[in-house]
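# Topology and contacts: notes
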Amino acid sequence: MSQKKIELWVGLFVIGALVSLAILAFSVAGLSFKGDGRSYTINASFTNIGGLKVRAPVKLGGVVVGRVEEISLDTQSYMPVVRLSMFENKGIYPETSSLSILTSGLLGEQYIGITPGFIDEDIEMLADGDTIEDTKSALVLEDLIGQFIYSINKED
Amino acid sequence: MITPYIRCVGQFSIKFVESIGRACLMLSLSLFGKPHRKLLPLFVQQVFQLGILSLPIILTSGLFIGMVLSLQGYYVLVDYAAEQSLGSLVALSLLRELGPVVAALLFSGRAGSSLTAEIGLMQSTEQLASMEMMAVSPYKRVLAPRLLAGIVTLPMLTLLFNVVAIWGGYLIGVSWMGVDGGAYWSVMQGSVDYLPDVMNGVLKSVIFAVMITWVALYNGYYVVPTAQGISYSTTKTVVISSLLVLAMDFVLTALMFGA
């Protein structure tokens, strides 16, 4: 086979490999150049975060508006502290907003749901570094079953 | 009484260390120093020999492995009503393990053995020695382009293998078993990450490629110059490189995805 033909085939092969890398990156791994845009961080402390993981989404009515950036423990109060990175292009929220840890489906991953609070004259909007006070912990199935059994026994 | 046995162990160890030394010497002689002036056309020719001619076996086995993976995964997942996660099962197992390893095993059987046989025959008919007589380094003229071509082609073959296999999984899962097509892709995109999954798989296959071509060239270069010797070397190439790939895969997986 002549060198020219070989070069043609090798060129096709290399292009095919590059195209597959692009397919794997964009179609399979869902990589995108847009990124999440600019973001600001807010903190929240929960009594129990259940199975929440770093990079779990923060959702408002099903729409992803932020991500969990870091989970740490406040050694003074023994409370887990979660740092959230909220996307700027998804809006800002009043400081009366509340957070709760929810589960997608019965056995799914846990995520944080944000409920926007009311807006009044003396209510400020959350800015970078602020803390949300109103939080609801994760639902732990064992506790729930324990309460259920306790309430059954009480009726007897 | 016991001394001959100890001597036997000693002999074996010295031979083993010697062969590692020779292999490293071969690698450095072919890679470092002034390259052959026709390196690029020779390299392209070897990419054709090792890459394009391996494409049929890589692509067909990729398609069938993706299809089987999807079929078996579906039967297990459907019991838990979790067949939506079929996409992530297929893509993750292919990108992380099956793609690099199976492509490397096929490559060692298809390309590694042919490299050993080719170099072995050159060596036993003293073509390499006569090249040296003409002041042409056989390391630079014969070994270097093959080594480089092997290292470059296997990762590309692995990428093609992965894409074809994921498509095969889609074919079975979505078109035949009726998993929702949107869920197949979106669950896959949600669970696969670019750097830790796609790129670690590519890195794995680069390491496998270095090992396979190195073993193949070494066994060809230091062949026993008889017909039997060539067949022995070819067998040894496939056996040793396959075992190395599997052992190295475990180490790499523990390093990349453990902890």
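This text follows the structure it describes.
Quick caveat, the model's predicted, so the values are computed rather than measured.

Think of an α-helix as 3.6 residues a turn; residues three or four steps apart then line up on the same face. If you check helix H3 (residues 55-79) of chain B, its first and last C-alpha atoms are 37 Å apart, about what 25 residues at 1.5 Å a residue would give, namely 36 Å. Residues of H3 of chain B that are buried include every one of Leu55, Ile58, Ser61, Gly62, Gly66, Met67, Leu69, Ser70, Gly73, Tyr74 and Leu77 of chain B, and no others. The inward-facing, buried residues of H3 of chain B abut helix H1 (3-28) of chain A together with helix H4 (86-124) and helix H6 (138-176) of chain B. With its phi angle positive at about 55°, alanine 81 of chain B sits one or two positions after the end of H3 of chain B.

Below, the discussion takes up the packing of H1 of chain A against helix H2 (residues 39-50) of chain B. Between H1 of chain A and H2 of chain B, the shortest axis-to-axis distance is 9 Å and the interhelical angle comes to 65°. Where H1 of chain A crosses over H2 of chain B, the handedness of that crossing is left-handed. Across the interface between the two elements, Gln3, Ile6, Glu7, Trp9, Val10 and Phe13 of chain A from H1 of chain A touch Pro41, Val44, Gln45, Val47 and Phe48 of chain B from H2 of chain B. Here the contact of H1 of chain A with H2 of chain B is composed, by residue class, of eight nonpolar, two polar and one charged.

What follows is about the environment of valine 198 of chain B. The residue valine 198 of chain B is located in helix H8 (residues 194-221) in this model. Taking the C-alpha atoms as reference points, valine 198 of chain B and leucine 55 of chain B, 143 residues apart in sequence, are found 20 Å from one another. Every residue in contact with valine 198 of chain B, bar those within four places of it in the chain, is listed here: Leu21, Leu24 and Ala29 of chain A together with Leu95, Val192 and Asp193 of chain B.

Listed by partner, the interface residues are 21 residues for chain A and 26 residues for chain B. Roughly 2000 Å² is buried in total at the junction of chain A and chain B, and carbon and sulfur atoms are behind 84% of that figure. Where chain A touches chain B, the interface holds zero salt bridges. Applying the counting criterion to the chain A and chain B interface returns two residue pairs in polar contact (both at pLDDT 80 or more). Split by residue class, the side of chain A that touches chain B holds 15 nonpolar, five polar and one charged.

Time to look at the pairing of strand E1 (residues 39-45) of chain A. All names here are of chain A. Along E1, the buried face is formed by Tyr40, Ile42 and Ala44; none of Ser39, Thr41, Asn43 and Ser45, which line the opposite face, is buried. Two strands pair when backbone bridges link them, and E1 and strand E4 (residues 79-87) are joined in this way by seven bridges, in the antiparallel orientation. Residue pairing across strands places isoleucine 42 opposite leucine 84, the latter belonging to E4. Across two bridges, E1 lies against strand E7 (residues 131-132) in parallel orientation. Each residue of the ladder has a partner; that of asparagine 43, found in E7, is threonine 131.

The subject of this paragraph is the environment of valine 102 of chain B. Residues and elements named next belong to chain B. Here valine 102 is to be found in helix H4. Classification of valine 102 by relative accessible area gives buried; the value is 17%. Linking valine 102 and glycine 62, residues 40 residues apart in sequence, is a C-alpha distance of 8.6 Å. Not counting the four nearest positions on each side in its chain, valine 102 is found in contact with Ile65 and Phe161.

Calculation criteria
Residues numbered from 1 in each chain as written. Chains lettered and ligands numbered in written order. Predicted model: local features only at pLDDT ≥ 70, side-chain atom pairs only at ≥ 80, totals over all residues. Heavy atoms only, no water. Helix = DSSP H or I, 4+ residues; strand = E, 2+ residues; numbered from the N terminus. Expected span 1.5 Å × (residues − 1). Buried < 20%, exposed > 50% of the residue type's maximum accessible area, 1.4 Å probe, protein only. Contact = heavy atoms within 4.5 Å. Axes fitted to C-alpha atoms, helices over the stretch in contact; angles between N-to-C directions. Left-handed = near helix turned anticlockwise from the far one by under 90°. Nonpolar A, V, L, I, M, F, W, Y, C, P; charged D, E, K, R; others polar. Buried area = accessible area lost by both parts, 1.4 Å probe. Salt bridge = Lys/Arg side-chain N within 4 Å of Asp/Glu carboxyl O. Polar contact = N/O pair within 3.5 Å; in protein donor to acceptor, adjacent residues only side chain to side chain. Pairing = 2+ DSSP bridges.

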